[in-house]
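A closer look at the structure
These are the residues of each chain, in order.
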Amino acid sequence: MPSPIPLPIDPPKHSALEDLQGFSISLVTTAIGLSFITQLGFITGQTAGLALVISYLTDWSFSWVFWIINIPFYALAWTQMGKEFTLKSIACVTALSLLMEVVPNWMQFSHLNPLFGIVAFGVLTGYGLLGTFRHKGSLGGLGVVALYAQDRFGIRAGLVQLGFDAILFGVAFFLFAPERVLYSLLGALILNGVIAFNHRRDRYIAP
């Protein structure tokens, strides 16, 4: 059996064009996933979930709420994750906020099975988030904290997010119908499972 090809010790970085296409695919995928649950009236975890809860309770635009509540996390990103990561995260959050103003109107369903919708959300959004991580960015908020915890303490990013989600969903049970929250919880578990199983820096070739 031939020996495996050794990975480069100092692999080349992504080019600006590679980052652009990577982020574009990731953000469109994430926006589609979020559109599934917003049309079902479900929530999710992490910062997007908090923004959805606020949006449902106040009728404020999810896009604006999501963009605003991410602002405080940029300070942590700047000091702990660096300038490049922070600027990319700001760009990703802004782009996703803009996409969420239009994508839900472009993609509507006369019928959407709740179970299929929540599974599709978890898979699409999970891989969308992986794409942003892969190109040294994030969708802000808890993603910044999760990546910092993984890099600094070796705690899987998905597990950090799962802990926050447990608190968020615990509160959601007092605000929304149990069935609505249970469907939403399934989606969050799938999303975080995708990240926990696939976000491994030691398996990456390019930074």
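This write-up is about the structure you can find in this document.

Calculation rules
Residues numbered from 1 in each chain as written. Predicted model: local features only at pLDDT ≥ 70, side-chain atom pairs only at ≥ 80, totals over all residues. Heavy atoms only, no water. Core = buried A, V, L, I, M, F, W, Y, C linked by side-chain atoms within 4.5 Å. Buried < 20%, exposed > 50% of the residue type's maximum accessible area, 1.4 Å probe, protein only. Contact = heavy atoms within 4.5 Å. Helix = DSSP H or I, 4+ residues; strand = E, 2+ residues; numbered from the N terminus. 1 Å grid on protein atoms, 1.4 Å probe; cavity = no way out; pocket = protein on both sides within 12 Å on 5 of 7 lines; lining within 4 Å. Points joined across faces, edges and corners; volume = space filled by probe spheres on them. Phe/Tyr/Trp six-rings, centres within 6.5 Å; stacked < 30°, edge-to-face > 60°.

Some words on the nonpolar core
If you look at the biggest cluster of nonpolar residues, it comprises 47 residues, and the most contacted ones within it are Leu34, Phe62, Phe66 and Leu96. Apart from residues lying up to four places away in sequence, Phe66 is in contact with Thr47, Ala48, Ala51, Val93, Leu96, Ser97 and Leu139.

Quick look at the environment of Phe66
Assignment of secondary structure puts Phe66 in helix H3 (residues 62-69). Here Phe66 falls in the buried class, since its relative accessible area comes to 2%.

Some points on empty space enclosed by the protein
Evaluated as defined, the whole model comprises one cavity of 30 Å³ or more. If you add up the space inside the largest cavity, you get close to 160 Å³. Along the walls of the largest cavity sit 19 residues, with Gln46, Ala48, Phe66, Leu129 and Leu139 positioned nearest its centre. Looking at the lining of the largest cavity, the elements with two or more residues in it are helix H1 (16-40), helix H2 (46-58), helix H6 (114-134) and helix H7 (142-153). At four residues, H6 tops the list of elements feeding residues into the lining of the largest cavity.

Observations regarding the packing of aromatic side chains
Taken as a whole and assessed by the stated rule, the structure comprises six aromatic pairs. Taken together, a centroid distance of 5.4 Å and an interplanar angle of 35° make the contact between Phe36 and Phe109 tilted. Taken together, the residues span a long stretch of sequence, with Phe36 in helix H1 and Phe109 in the loop between helix H5 (83-106) and H6 at a distance of 73 residues. Assessed through its relative accessible area of 34%, Phe109 is described here as partly exposed. Their ring planes at 80° and their centres at 6.4 Å tell us that Trp64 and Trp67 sit as a pair that is edge-to-face.

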